Amino acid sequence: MRRLAAKGAAGDVGEVAAPAADSAQGPSPRPWRLIDLCAIWDAGVFLPTADWSGASSGVARRRLNEAEKLSSAQEAKLERLEVARPRRLGNREPGLMLRMARQQPPPWVHAAFLLWLLSLGGAIEIPMDLSQPPTITKQSVKDHIVDPRDNILIECEAKGNPAPSFHWTRNSRFFNVAKDPRVSMRRRSGTLVIDFRSGGRPEEYEGEYQCFARNKFGTALSNRIRLQVSKSPLWPKENLDPVVVQEGAPLTLQCNPPPGLPSPVIFWMSSSMEPITQDKRVSQGHNGDLYFSNVMLQDMQTDYSCNARFHFTHTIQQKNPFTLKVLTNHPYNDSSLRNHPDMYSARGVAERTPSFMYPQGTASSQMVLRGMDLLLECIASGVPTPDIAWYKKGGDLPSHKAKFENFNKALRITNISEEDSGEYFCLASNKMGSIRHTISVRVKAAPYWLDEPKNLILAPGEDGRLVCRASGNPKPTVQWMVNGEPLQSAPPNPNREVAGDTIIFRDTQISSRAVYQCNTSNEHGYLLANAFVSVLDVPPRMLSPRNQLMRVILYNRTRLDCPFFGSPIPTLRWFKNGQGSNLDGGNYHVYENGSLEIKMIRKEDKGIYTCVATNILGKAENQVHLEVKDPTRIYQMPEDQVVKRGTTVQLPCRVKHDPSLKLTVSWLKDDEPLYVGNRMKKEDDSLTIFGVAERDQGSYTCIASTELDQDLAKAHLTVLGRPDRPRDLELTDLAERSVRLTWIPGDDNNSPITDYVVQFEEDQFQPGVWHDHSKFPGSVNSAVLQLSPYVNYQFRVIAINEVGSSHPSLPSERYRTSGAAPESNPADVKGEGTRKNNMEITWTPMNATSAFGPNLRYIVKWRRRETRDTWNNVTVWGSRYVVGQTPVYVPYEIRVQAENDFGKGPEPDTVIGYSGEDLPSAPRRFRVRQPNLQTINLEWDHPEHPNGILIGYTLKYVAFNGTKVGKQIVENFAPNQTKFTVPRADPVSRYRFTLSARTQVGNGEAVTEESPAPPNEAYTNNQADIATQGWFIGLMCAVALLVLILLIVCFIKRSRGGKYPVREKKDVPLGPEDPKEDDGSFDYSDEDNKPLQGSQTSLDGTIKQQESDDSLVDYGEGGEGQFNEDGSFIGQYTVKKDKEETEGNESSEATSPVNAIYSLA
């Protein structure tokens, strides 16, 4: 194991910078950097001790819990890496590596990590300035297939000191490159180039080639490279007769492609280059043949051509197409029978149990090599088409490696191993029965390495060994060679001993230098490995730049490399800050290749580290200056969010980092760099998305990075959107009046689907128009639909969630139901007149789902209701019919019956309709009553001849007073209203009323009435009429003169102190409530000469009285006031007497104003 110390590290965990000073080997190279791998993953990978706490601990734990699970391939890769690492790694190491892998770092990190692991235990690397035997570095694959149109290239490259020379063998014989003008060898390489630009056939150079790289210390060999030229032969011409087959029988169309190299890819198409639709009934086998489990009539609709695509020439060759002639008992390819649950019996095809078309019989065997894919296939015939299921005898199928192909007809197991051997069986079953076929699987193995020989570097006098262990089935044999020759024919070497798969060297000398080959082989293949033995005397030397500067992250695991070389293998020790104690143990661990690992970096670990390599020939040393930086941590991470379209969302990402390092914050969306468009705003501590759209959904990763490390946090943004359209609609279980519709739901876009709406379209009545058929819960994807006769249905499905509706699915195939007589009649049958002498009969036409057959028409019948005449009838194809020459508004009995070519519908119901309406007659007994001076009551009876359906009454009325007329008012009443009360605007005016009844035709004959005259209306009207007469003016002047004289006399009497029949009272008008004196006289004052209070002008300009108890009537002796023929007032302004006195003095004599004066005097 000492030789491992000579291997320099591939990289450091941290950032390394070379100083400006020259190294011992010469000028220092440009500064170079390697990434801190541990920091790339996260600080959560390498957690600190339990007593450490910080703001990032919760972040680390959370990120560790969210890590993805390892795939089986990753686990296997890590297990293989474990073997390659030195055994001195602690027990903690595998768990750490697993956590690192679960974080899923970028691919380049995986590559760097692999290099780091290999650097701890890989092959020996001798510096190129030292003498060494040749080593093969590049070669072509063992089975090398070339394109005949290109030049041939066979690669072979090697390194060594001195530089090796090359030669080749072809078919185990020396291949003289110089003799063939077409063949040349690249400079400083053994790669062969065969040029055909000047002619020649590539096939002439096929064979087995092997490259030899030689210098004075030995010879290295390449693999035996089998060169083959790609072939794509033409399909043989053949005339294929039509294939005649009975419907329901099995059929195999053989492809038999021409043998190509490599084998062509086979696929079937029609002669018009349309792909053949494959399903569990019709499918292509792995051998390229096309298998029909049972042939149906629709299989004749196309022809079948086998196509072969060749890889290197990129050409497709097409075989002459097969045509089918299907013999059937049901010659019509009725779409209604497709996918019918009893389709085969409906078409007269006998049902039968399954039988295997491939492989034949009940048992077969198959051999497969370890590491290859195992493909098992079972294709069965039968009616109905059988289903295939796979099982393994005595165990379960390897679920992590097994997958089903070709509609479950094939089982593929990847990366086969010995434990996958055993018996597998396929079960083919339908409702008639089942059969099985057992396949015995044997796993063989070409040789594979258990311990591949490695280069051996020894000092003179040292011991060593080369080991070549391989396994396989059957067990491979091991053959040793030295410098390309069998070991048995090589010169004897007393320092060398062969023990089976091991060569032991003792007390080696310079003469022992050589290249040894181990060839292990069995019937399935071979392995060839080169390993040289080099004997050197070299003092220790450092292979990396001197005085490196390394910056590392706090709490991370860090490795300080010190690549060196020497022979004998030097011992290496590490020191810190010039201290004398060797660093090993505790927080430090020194690997056998000289690398120093610090398990968890602390602040106190910074300083200068010195590595010293020593052997018997001398010593060498190098220094590394270590700086410790604070880790980068995201302390406020983005959270998972669920948002609706159009809203604004903010994803926080707040970071803490070492201030001496430059921080960069970037974002990924779905693990790809995020393009920040105009809807996004990126800040140092957040990402804001405005107007969220469905395309914004995904995972968002915030990456906070410095030159040394990075931290990341991921959140998922879920955008609620409308569901995607359903797809792959399929009609099954087809029956006379029902069908089962099945669909595959689309993505619900994060909002569960609540409902499915099934729509249909038919191409007879309303082609292109979709109608809702039914609605189903969002939990189903299959439903039975009830159908109507004689409809050519096509269906589509719409998904609904809380956000909205999806786009409709693509339509299903059409399905036509058979016809029948109508089972219903049209609805909404009506008979109404459009004119006074007709009647229009209308109905709602029946749609496609109620027609039930072709040539839908309607039988229309009618007759007078009261006469009970015979029925009139007519056949109509539309939705209306007009009956002419009808009496005005008489009832008719109407019937409308549906009929198609299959028969008549049920007996229709009788509907009563009416012929056209006319204007109604006038309302009867129109009455106007005036119960008081505030209201007028109107009453009337319905017209004697309504001539239709009364829809109401129209009342028009207007107030008038003499020649003055007010504004007309219009009132409309319901047909059942026969009373109305009119509020009076004043007690004086009269009203004129006009009333008419109304039908749809219009208002009929009107009746007019006026309100009664009020009691004082004559006086008011006459006063207004005579006010302009000359004689009236003269009379009034005389009255005024007499009143003046009366007032003068009264004044004279008062001034004398005389007694008056009336006593003085307050200045208020007299009224009925004024008290009388005991002698029966009233008090009187001058105020009585004023105009009557409370009078006002009516709306038509006439004078009207206010409601007052003070009227001229009260001034008479208990009697009412009267008017003379000329309209003058005959009032008695005499004092009232007691009842007895009044009765005794009753007289018809008129009292003039003069007499009133004398009486007062």
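Just so you know, these numbers come straight off a predicted model, no measurement behind them.

Bringing the overall build of the protein into the picture now. Helix and strand content of the protein: eleven helices and 84 strands. Going through the 1161 residues of the protein one by one, you find that 44% of them count as buried. Taking as baseline every contact in the protein between residues at least 6 positions apart, the subset at least 24 positions apart corresponds to 65%.

On to the pattern of salt bridges. Counted under the stated rule, the structure contains 47 salt bridges. As a salt-bridge pair, Asp-373 and Arg-412 come within 3.8 Å of each other at their nearest N and O atoms. Residue Asp-373 is located in the loop between β22 (363-369) and β23 (374-377), and its partner Arg-412 is located in strand β27 (residues 410-413); the two are separated by 39 residues in the primary sequence. With its nearest N and O atoms 3.8 Å apart, the salt bridge here joins Asp-685 to Arg-654.

Once that is clear, we can look at the sheet that holds strand β37 (residues 514-522). Judged by pairing direction, the sheet is mixed, and its five strands sit side by side in the order β30-β38-β37-β33-β34 without closing on themselves. Across the chains shown, the open sheet's two edge strands, defined by having one partner strand only, are β30 (456-458) and β34 (485-486). With six bridges connecting them, strand β33 (residues 477-482) and β37 associate as antiparallel partners. Its bridge partner lying in β37, Val-478 is registered against Thr-520.

Here we take up the nonpolar core. Grouped together as the largest cluster of nonpolar side chains are 30 residues, with contacts concentrated most on Ile-152, Ile-154, Trp-168, Leu-192, Tyr-205 and Tyr-209. Sorting the residues of this core by element identifies β4 (152-154), β5 (156-161), β6 (165-170), β9 (192-194), β10 (207-215) and β12 (225-229) as the ones contributing at least two each. Every residue in contact with Tyr-205, bar those within four places of it in the chain, is listed here: Ile-152, Arg-170, Asp-180, Arg-182, Val-183, Ile-194, Phe-196 and Leu-227. Ranked by size, the runner-up nonpolar core spans 24 residues in total, among them Met-542, Val-552, Phe-564 and Ile-598.

This part covers the sheet that holds strand β31 (residues 464-467). Pairing between the strands of a sheet is mediated by backbone hydrogen bonds and can be parallel or antiparallel. The three strands are arranged β31-β36-β35 in an open sheet whose pairing can be described as antiparallel. Looking at the sheet topology across the chains shown, the edges are occupied by β31 and β35 (496-499). Taken over all neighbouring pairs, the strand axes of this sheet differ in orientation by 15° on average, direction set aside. With four bridges joining them, β35 and strand β36 (residues 502-505) adopt antiparallel strand pairing. Bridging across to β36, Glu-497 finds its partner in Ile-504.

With that out of the way, let us pick up the packing of aromatic side chains. Applying the stated criterion across every chain yields a total of 19 aromatic pairs. Arranged with centres 5.3 Å apart and planes meeting at 5°, the rings of Tyr-793 and Phe-795 form a pair that is stacked. Accessibility assignment for this pair places Tyr-793 and Phe-795 in one class, buried. Ring pairs connect the aromatic residues Phe-926, Trp-940, Tyr-953, Phe-973 and Phe-980, which therefore count as one cluster. Just above the ring of Tyr-526 sits the side chain of Lys-142; from NZ or CZ to the centre is 4.2 Å. Between the NZ or CZ atom of Arg-370 and the centre of the ring of Tyr-448, over which it lies, the distance is 3.8 Å.

Bridging between β6 and β10 involves six bridges; their strand directions are antiparallel. Paired with Trp-168 across the bridge in β10 is Cys-211. As paired elements, β6 and strand β7 (residues 173-175) share three bridges and run antiparallel to each other. Looking across to β7, one finds that Trp-168 is bridged to Phe-175. Counted along the chain from β6 to the antiparallel partner β7, the turn is two residues long, and its residue Asn-171 has a positive phi close to 55°.

This brings us to the state of the cysteines. Cysteine pairs can be covalently joined through their sulfur atoms, and such a bond is termed a disulfide. A full pass over the atoms with the stated rule returns six disulfides. Two residues, Cys-562 and Cys-611, share a disulfide whose sulfurs are 1.9 Å apart. Around the S-S axis, the bridge from Cys-562 to Cys-611 shows a dihedral of about 65° and counts as right-handed. Of this pair, Cys-562 sits in the loop between β41 (558-560) and β42 (564-567) while Cys-611 is found in strand β46 (residues 607-615), placing the two residues 49 residues apart along the sequence. Owing to a relative accessible area of 2%, Cys-562 belongs among the buried residues under this scheme. A sulfur-sulfur separation of 1.8 Å characterises the disulfide bridge that pairs Cys-653 with Cys-702. Classification of the bridge connecting Cys-653 and Cys-702 rests on its S-S torsion, roughly -75°, and on that basis the disulfide is left-handed.

Time to look at the side chain of Arg-998. Examined against the element boundaries, Arg-998 turns out to sit in strand β79 (residues 990-998). Residue contacts for Arg-998: discarding those within four places in its chain leaves Pro-920, Ile-949, Leu-950, Ile-951, Gly-952, Tyr-953, Thr-954, Asn-972, Phe-973 and Asn-1003.

This brings us to the environment of Gly-691. Looking at where Gly-691 falls in the secondary structure, it is placed in the loop between β55 (686-689) and β56 (698-705). The exposure class of Gly-691 is partly exposed, given its relative accessible area of 32%. Expressed as a C-alpha distance, the spacing of Gly-691 and Val-649, which sit 42 residues apart in the sequence, is 8.4 Å. Those residues in contact with Gly-691 that lie beyond four places of it in its chain are Gly-646, Thr-647, Thr-648, Arg-679 and Asp-696.

Mapped onto the elements of the fold, Gln-977 is located in the loop between β77 (969-973) and β78 (979-983). Distance in space between the C-alpha atoms of Gln-977 and His-942 is 9.3 Å, their sequence separation being 35 residues. Apart from residues no more than four positions distant in its own chain, Gln-977 is found in contact with Trp-940 and Tyr-953. Within the structure, the side chain of Gln-977 is placed 3.0 Å from the backbone oxygen of Lys-979, a separation counted as a polar contact.

As a further point, take unusual backbone geometry. What you tend to see is this: most non-glycine residues have negative phi, and most peptide bonds are trans. With omega at 5°, the peptide bond leading from Asn-161 into Pro-162 counts as cis. Residue position: Pro-162 is located in the loop between β5 and β6. Positioned with a positive phi, Arg-188 is a non-glycine residue whose angle comes to about 55°. You can see Arg-188 is positioned in the loop between β8 (183-185) and β9. If you check the backbone angles, Asp-507 has positive phi at about 50° while not being a glycine. For Asp-507, the position within the fold is in the loop between β36 and β37.

Averaged over every residue, the pLDDT of the protein is 80; the share at 70 or more is 78%. Counted against residues more than four places away or in other chains, residues 1018-1022, with its pLDDT under 50, gives four contacts. Under a pLDDT of 50 for its full length, residues 1058-1161 has, in the predicted model, 109 contacts with residues more than four places off or in other chains.

Rules used in this analysis
- Residues numbered from 1 in each chain as written.
- Predicted model: local features only at pLDDT ≥ 70, side-chain atom pairs only at ≥ 80, totals over all residues.
- Heavy atoms only, no water.
- Helix = DSSP H or I, 4+ residues; strand = E, 2+ residues; numbered from the N terminus.
- Buried < 20%, exposed > 50% of the residue type's maximum accessible area, 1.4 Å probe, protein only.
- Contact = heavy atoms within 4.5 Å.
- Salt bridge = Lys/Arg side-chain N within 4 Å of Asp/Glu carboxyl O.
- Pairing = 2+ DSSP bridges.
- Core = buried A, V, L, I, M, F, W, Y, C linked by side-chain atoms within 4.5 Å.
- Axes fitted to C-alpha atoms, helices over the stretch in contact; angles between N-to-C directions.
- Phe/Tyr/Trp six-rings, centres within 6.5 Å; stacked < 30°, edge-to-face > 60°.
- Lys NZ or Arg CZ within 6 Å of the ring centre and 35° of its normal.
- Disulfide = S-S within 2.5 Å.
- Polar contact = N/O pair within 3.5 Å; in protein donor to acceptor, adjacent residues only side chain to side chain.
- pLDDT = per-residue confidence, 0-100.

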